[in-house]
Amino acid sequence: NRFMFTSLENFKLRLELREQGRLIESAELDLPDKGYLEKAYVDIPFDIRTENERTLDCELILRRDMMHLEAGHTMAREQFVLGKYNYSSSAPKADGKKVEIKYSKNDKCYVVSGNGFEVKLSKKTGELCSYKKDGVERLERGIRPQFSRANIDNERMGLMEDYDRLVLKCFYPECAEHFGSCVKLSVKWRTKYLSGIVTEYLVFPDGTLSASLTCKNITPVNLPRYGLTFELTDGVDGIEYYGKGPHENYCDRKTGARLGVYRFQSAESFIHDYLFPQENANRCDVRWLKVSSERGVTVTAAGTPFEMSVHPYTKKMLYDAAHSCELGRTPNLTVNIDGRQQGVGGDVPAIATLKKPYKIPKYKKLEMKVILSF
């Protein structure tokens, strides 16, 4: 107790045990009469042993109206993550059997098709340029690597290297059969500052995609992000995810966010409109994401959590707008899936003075992998 003149008995401890947002058990406990700098121990009234990932949310709330606050007001809170998330449970598995999945190539692209779906990889751009399901196109703009972000206020003064000036060229696309039951599409890329850039897609018989990116930053310049981006062909009727939230958060700004399942009715309620348009709306430690429009996508972590954002505008629109009123909207949604973004800094105002844990490692192999279901 750090209140000098208020006993702990003026508060209650609220406990909630959840699994992927679903409430399993809850309790409110009275606290004993403990004064300044005294400690109290309480027994959790339910079993918290678990193999699956669960969260134990603890809140210290007022028992009655006091301190000009109403009863039930939260004075402090903490979250404990229990168990481990099962990343392999939702991953598609190839059973080694020959199934009806075909691939071919023409002058423009590689084509993989199966029961009710068709995937195309462009030979010219290297993008996974088309995904049709039941004859309906799902991608307005194809899946491609992304290493830049619209500069935040802290980065404008810091002379940050503009990674959007990079010319990212595909120079070695290929298509190859992969252990009989799925097809592998891979692309090697070449650009300044980065080496070993490879995107790889495994197309499974049910149309599910395993998408991965590997790269290495080979200069002393900070890398803002590494990940994949694409644009859907439709708007949104809801965004749902399991990760840190509910507000935007970054690797050095996520202590106040809690792991849980969060739902947003629209992209407008999901983004954060800064007065000066800039990178925004990122969420960390995401296990899965559902962009729930009629022609949406589900993204599932494979091995490690990912970071993500969903914008009703493109990154170029963020770059070009000088004020929020100038930032337009597109009828489609841009989905950004990152292995990681660097932090936002700001220990010294208006300067991105990032500490080492919040920088993306240099001269090391960077990898990310997710499962996409359209």
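Remember, it's a predicted structure, so these values are computed and weren't measured experimentally.

**As for unusual backbone geometry**
Across the junction of Gly-245 and Pro-246, the peptide omega takes the value 5°, indicating a cis bond. Tracing the backbone through its elements, the reader meets Pro-246 in the loop between β16 (239-245) and β17 (258-264). Even without being a glycine, His-68 presents a positive backbone phi close to 65°. Within the secondary structure layout, His-68 lies in the loop between β3 (54-62) and β4 (74-82). Residue classification places His-68 among the exposed residues on the basis of a relative accessible area of 86%. Positive phi, normally seen in glycine, also occurs at Asp-134, with a value near 55°. When you line up the elements, Asp-134 lands in the loop between β8 (130-133) and β9 (136-137).

**Here's the deal with the environment of Arg-49**
Secondary-structure assignment places Arg-49 in the loop between β2 (22-30) and β3. By relative accessible area, Arg-49 is classed as exposed at 70%.

**A short note on empty space enclosed by the protein**
The final tally for this structure, using the stated rule, is two cavities of 30 Å³ or more. For the second largest cavity, the calculated volume is near 30 Å³. What lines the second largest cavity is simply Arg-18, Glu-19, Gln-20, Gly-21, Thr-55, Tyr-242, Leu-259 and Gly-260. Only β1 (11-19) and β17 provide two or more residues apiece to the lining of the second largest cavity.

**Section: the sheet that holds strand β7 (residues 117-122)**
Strand order in the open sheet made by the five strands is β5-β6-β7-β8-β9, with antiparallel pairing throughout. For this open sheet the edge positions go to β5 (102-105) and β9, each flanked by a neighbour on one side alone. Relative to β8, β7 is paired through four bridges, and the arrangement is antiparallel. Residue pairing across strands places Val-119 opposite Tyr-131, the latter belonging to β8.

**Side note on the side chain of Arg-225**
Within the secondary structure, Arg-225 sits in strand β15 (residues 225-232). Residue class for Arg-225 comes out buried when judged on its relative accessible area of 1%. Within the structure, Arg-225 has its side chain in polar contact with the backbone oxygen of Ser-148 (distance 2.9 Å). Those residues in contact with Arg-225, other than ones at most four positions away along the chain, are Gln-146, Phe-147, Ser-148, Arg-149, Glu-279, Ser-309, Asn-336, Asp-338, Arg-340, Gln-341 and Ile-360.

**Some details on the sheet that holds strand β22 (residues 334-341)**
Strand order in the open sheet made by the five strands is β10-β15-β22-β21-β18, with antiparallel pairing throughout. Two strands lie at the open edges of the sheet, namely β10 (139-146) and β18 (283-286), each paired on one side alone. Across the sheet, the mean angle from the axis of one strand to that of its neighbour is 20°, orientation sign disregarded. Where β18 lies against strand β21 (residues 306-311), two bridges are found, and the strand directions are antiparallel. Each bridged residue has a counterpart across the sheet, and for Arg-283 the counterpart in β21 is Met-308.

**Quick word on the nonpolar core**
For soluble globular proteins, nonpolar side chains are generally found buried alongside one another. Counting 65 residues, the largest nonpolar core has Leu-289, Ile-337 and Phe-374 as its most contacted members. Sequence-distant contacts of Leu-289, that is, excluding residues within four places in its chain, are made with Ile-239, Glu-240, Tyr-241, Val-297, Thr-298, Val-299, Phe-306, Met-308, Val-310, Val-335 and Ile-337. Formed by 15 residues, the second largest nonpolar core is a distinct cluster that contains Leu-29, Leu-31, Phe-46 and Leu-56.

**Looking at the layout of surface pockets**
Here the largest pocket defines a volume of roughly 730 Å³. Elements supplying a minimum of two residues to the lining of the largest pocket: β1, β3 and β4. Among the elements that line the lining of the largest pocket, the one with the most residues is β4, at five residues. A breakdown of the residues in the lining of the largest pocket according to their chemical character gives 14 nonpolar, one polar and six charged.

**A short note on the side chain of Asn-222**
Of note, Asn-222 is situated in the loop between β14 (209-217) and β15. Overall, the relative accessible area of 18% leaves Asn-222 in the buried class. Among the polar contacts listed, one links the side chain of Asn-222 to the side chain of Lys-362, at a separation of 3.3 Å.

**A few points about the confidence of the model for the chain**
In the predicted model, the chain carries a mean pLDDT of 90, and the fraction of residues at 70 or more is 90%. The least confident element of the chain is strand β11 (residues 169-178), whose mean pLDDT is 64; the most confident is β18, at 98.

**Points about the packing of aromatic side chains**
In total, this model carries eleven aromatic pairs according to the counting rule given. Look at Tyr-85 and Tyr-87: their rings are 4.8 Å apart centre to centre, the planes differ by 75°, and that puts the pair in the edge-to-face class. Here the two residues Tyr-85 and Tyr-87 agree in accessibility, since each one is buried. For the ring pair Phe-264 and Phe-270, a centre distance of 5.2 Å and an interplane angle of 85° mean the geometry is edge-to-face. Counting every residue linked through ring pairs, the aromatic cluster contains Tyr-85, Tyr-87, Tyr-242 and Trp-288. Positioned over the ring face of Tyr-110 is Lys-123, at 5.1 Å from the centre of the ring. The ring of Phe-270 carries the charged tip of Arg-283 above its face, separated from the ring centre by 4.1 Å.

Definitions and cut-offs
Along each chain, numbering runs from 1 in the same order as the chain's sequence is written. For this predicted model, a pLDDT threshold of at least 70 governs which residues receive local features, and a threshold of 80 or more governs which side-chain atom pairs are given and counted, while totals over whole chains, interfaces and linings are taken from all residues. Calculation of side-chain values draws on the structure's entire complement of heavy atoms; hydrogens and water are dropped beforehand. Strands are runs of DSSP state E lasting at least 2 residues, helices are runs of H or I lasting at least 4, and numbering of each runs from the N terminus. Relative accessibility decides the category of a residue: with a 1.4 Å probe and only protein chains considered, values under 20% of the type maximum give buried, values over 50% give exposed, and everything between is partly exposed. Detection works on a 1 Å grid of protein atoms alone, calling trapped sets that fit a 1.4 Å probe cavities and calling open sets with protein on both sides within 12 Å along at least five of seven lines pockets, with lining residues defined by an atom within 4 Å of a point. Grid points are joined across faces, edges and corners, and a volume is the space filled by probe spheres set on the points. One requirement defines pairing of two strands: DSSP has to find at least two bridges between them. Within 3.5 Å is the distance limit for a polar contact, defined as a pair of N or O atoms, with the added protein rule that one can donate a hydrogen and the other accept it, and that residues adjacent in sequence qualify only through two side-chain atoms. In this analysis, two residues are considered to be in contact whenever any of their non-hydrogen atoms come within 4.5 Å of each other. Each axis is a line fitted through C-alpha atoms, and for a helix only the stretch in contact is used; angles between axes span 0 to 180 degrees, taken between their N-to-C directions. Think of a nonpolar core as a cluster: buried Ala, Val, Leu, Ile, Met, Phe, Trp, Tyr and Cys residues, connected wherever their side-chain atoms sit within 4.5 Å. Under this grouping Gly is polar, as are all residues other than the nonpolar Ala, Val, Leu, Ile, Met, Phe, Trp, Tyr, Cys and Pro and the charged Asp, Glu, Lys and Arg. pLDDT expresses, on a scale from 0 to 100, how confident the predictor is about each individual residue. What counts as a ring pair is set by centres within 6.5 Å for rings of Phe, Tyr and Trp (its six-membered ring), and what kind of pair is set by the plane angle: stacked under 30 degrees, edge-to-face over 60, tilted for all other angles. Lysine NZ or arginine CZ positioned within 6 Å of the ring centre and within 35 degrees of the ring normal marks a charge as sitting over the ring.

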